[in-house]
Amino acid sequence: RVASLRLKTGEGSVLETTTAETQVSEIANQLAQNSANQQRYLGLLQTLLGSKEPVAISEITLAEQVFIPLTDSLAIQANPELALVQQQIDIAEQQRKVEMAKGLPDITIGYFNQTLFGVQTIDNQEVYFDASHRFQGFQVGLAIPLFFNGYNAKVKSTVVAAKAAEGKAEAHEANLESSYRQAVQEYVNNRNNLAFYNQKALPNAQLILDKSSKAYAIGEIGYPEYLLSLQTATEIMEKQLLALLQTNLSVAKIRLLIGQ
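Scoring rules and cut-offs
- Residues numbered from 1 in each chain as written.
- Predicted model: local features only at pLDDT ≥ 70, side-chain atom pairs only at ≥ 80, totals over all residues.
- Heavy atoms only, no water.
- Helix = DSSP H or I, 4+ residues; strand = E, 2+ residues; numbered from the N terminus.
- Buried < 20%, exposed > 50% of the residue type's maximum accessible area, 1.4 Å probe, protein only.
- Areas by Shrake-Rupley, 256 points an atom, 1.4 Å probe, with all protein chains shown as cover.
- Core = buried A, V, L, I, M, F, W, Y, C linked by side-chain atoms within 4.5 Å.
- Contact = heavy atoms within 4.5 Å.
- Phe/Tyr/Trp six-rings, centres within 6.5 Å; stacked < 30°, edge-to-face > 60°.
- Lys NZ or Arg CZ within 6 Å of the ring centre and 35° of its normal.
- Expected span 1.5 Å × (residues − 1).
- Salt bridge = Lys/Arg side-chain N within 4 Å of Asp/Glu carboxyl O.
- Patch = residues over 30% accessible without salt bridge, like charges linked within 9 Å, V, L, I, M, F, W, Y side chains within 5 Å.
- Axes fitted to C-alpha atoms, helices over the stretch in contact; angles between N-to-C directions.
- Parallel < 35°, antiparallel > 145°, perpendicular 65-115°, else oblique.
- Nonpolar A, V, L, I, M, F, W, Y, C, P; charged D, E, K, R; others polar.

Student: Would you explain the overall build of the protein chain in this entry?
Tutor: Helix and strand counts for the protein chain stand at 6 helices and 4 strands. Each helix (α) and strand (β) of the protein chain, taken in turn from the N terminus, gives the series α-α-α-α-β-β-β-β-α-α. Scored against the burial criterion, the 260 residues of the protein chain give a buried share of 22%. In the structure as shown, the protein chain presents an accessible area of about 18,800 Å², 58% of it carried by carbon and sulfur atoms.

Right, dumping it as structure tokens:
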């Protein structure tokens, strides 16, 4: 609008107006592309959530996510993948005990208490028994496996499987601790970068916008200088938003590693 007014009053030029109109068209085109991408990502998010209703973007302003780092070994204990690997150790140990039990002698002990009705022959004499007569006894059995070597081989294989599960768990825990340390360092770097933009770069960008707008309005600078100032301030604001996004993504990565 200012460029058009300057052209009408003779203070501006056709180049200045054309440059301004071209810049407006580029911004409108970028906004249209952003809107299309936004709808596409919302559709993908709806698919991932398995929602029948369309999802929408919250109107709440994006805020910085803060995380207080914990000790490496303590932080990852709630990781679900680590819990699954550690559970494999218990399963392997229980399997070893099962195979060992199969190779041990099987001892059986039984007891019976019953009543016999009728005539029974005892010492070549017939004796009548009624409900007042009770018969009881014990039964003991011992079964020894004939093919112990086969059971022994299975026991050895389960021992190897248990040790392999332990080694896998230790390696996985070490990898998680390393990933956690790297994620924390990445978070610290991103947060420091965000602090720079919030405390220094962003106020300077706002100052550039204010000063250049006033200078252009009163004719102290031309549109090319004004456009350069706008681009500089906009780039700073975009980098601040990117730093905020990277900081929040690093927090999300840490929370994924610690099972939150």
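After that view, the rundown keeps rolling.
Student: How should the nonpolar core be read in this particular structure?
Tutor: One recurring pattern in soluble globular proteins: nonpolar side chains tend to sit buried together. Membership of the largest hydrophobic core comes to 13 residues, with the highest contact counts inside it found for F67, Y180, I254 and I258. At the level of secondary structure, the elements contributing two or more residues to this core comprise helix 5 (148-217) and helix 6 (223-257). Ranked by the residues each element gives to this core, the list is headed by helix 5, at 5 residues. In contact with I258, other than residues within four places in its own chain, are F67, A75, A78, N79 and Y180. Counting 9 residues, the second-largest nonpolar core is a separate cluster that includes L194, L209, A233 and I236.

Student: Explain the environment of S179 to me, please; I cannot follow it from the model alone.
Tutor: Of note, S179 is situated in helix 5. A relative accessible area of 30% means that S179 is categorised as partly exposed.

Student: What should I look at first to understand the packing of aromatic side chains in this one?
Tutor: The description of an aromatic ring pair uses the distance of the two centres, along with the angle that the planes make with each other. A full pass over the atoms with the stated rule returns 2 aromatic pairs. Centroid distance F196 to Y197: 5.1 Å. Interplanar angle 70 degrees. Geometry classified as edge-to-face. By relative accessible area, F196 is classed as partly exposed at 41%. Residues Y216 and Y226 carry aromatic rings whose centres are separated by 4.6 Å and whose planes lie at 5 degrees to one another, so their mutual orientation is stacked. Pair noted here: Y216 is in helix 5 and Y226 is in helix 6, with a separation of 10 residues, a long-range link. Using a relative accessible area of 15% as the deciding quantity, one classes Y226 as buried. Between the NZ or CZ atom of R40 and the centre of the ring of Y41, over which it lies, the distance is 4.6 Å.

Student: Explain helix 6 to me, please; I cannot follow it from the model alone.
Tutor: Side chains of residues three or four places apart in an α-helix project in the same direction, reflecting 3.6 residues per turn. Helix length check: helix 6 (35 residues) gives 50 Å between terminal C-alpha atoms against 51 Å at 1.5 Å per residue, within 8%. Of the residues one or two after helix 6, G259 is the one with positive phi, at around 75 degrees.

Student: Can you help me understand the pattern of salt bridges in this one?
Tutor: Pairs can form between side chains of opposite charge once their charged atoms are near each other. A complete count under the given rule lists 2 salt bridges for this structure. The partner of R191 in a salt bridge is E64, with the nearest N and O atoms 3.3 Å apart. Placement of R191 in helix 5 and of E64 in the loop between helix 2 (14-49) and helix 3 (72-75) is noted, with a sequence separation of 127 residues between them. Assessed through its relative accessible area of 34%, R191 is described here as partly exposed. Note on E64: relative accessible area 31%, which makes it partly exposed.

Student: For this particular structure, what's the right way to read a nonpolar patch on the surface?
Tutor: There is a patch of nonpolar side chains on the surface, built from I107, I109 and V140 and spanning about 370 Å² of accessible area. Residue placement: I109 occurs in strand 1 (residues 106-114).

Student: It is not clear to me how the side chain of T247 should be interpreted in this structure. Could you clarify?
Tutor: Tracing the chain through its elements places T247 in helix 6. The class for T247 is buried, based on a relative accessible area of 0%. Setting aside chain neighbours within four positions, we find T247 in contact with E64, Q65, Y187, N190, R191 and L194.

Student: Explain the packing of helix 2 against helix 6 to me, please; I cannot follow it from the model alone.
Tutor: The relative placement of two packed helices is expressed as an angle between their axes plus a distance between the axes. Contact geometry for helix 2 and helix 6: axes closest at 10 Å, N-to-C directions at 25 degrees. It follows that helix 2 is roughly parallel to helix 6 by the angle criterion. Residues E16, T19, A20 and Q23 of helix 2 touch helix 6, and the partners they reach there are Y223, L227 and Q231. Grouping the constituent residues of the contact of helix 2 with helix 6 by class yields 3 nonpolar, 3 polar and 1 charged.

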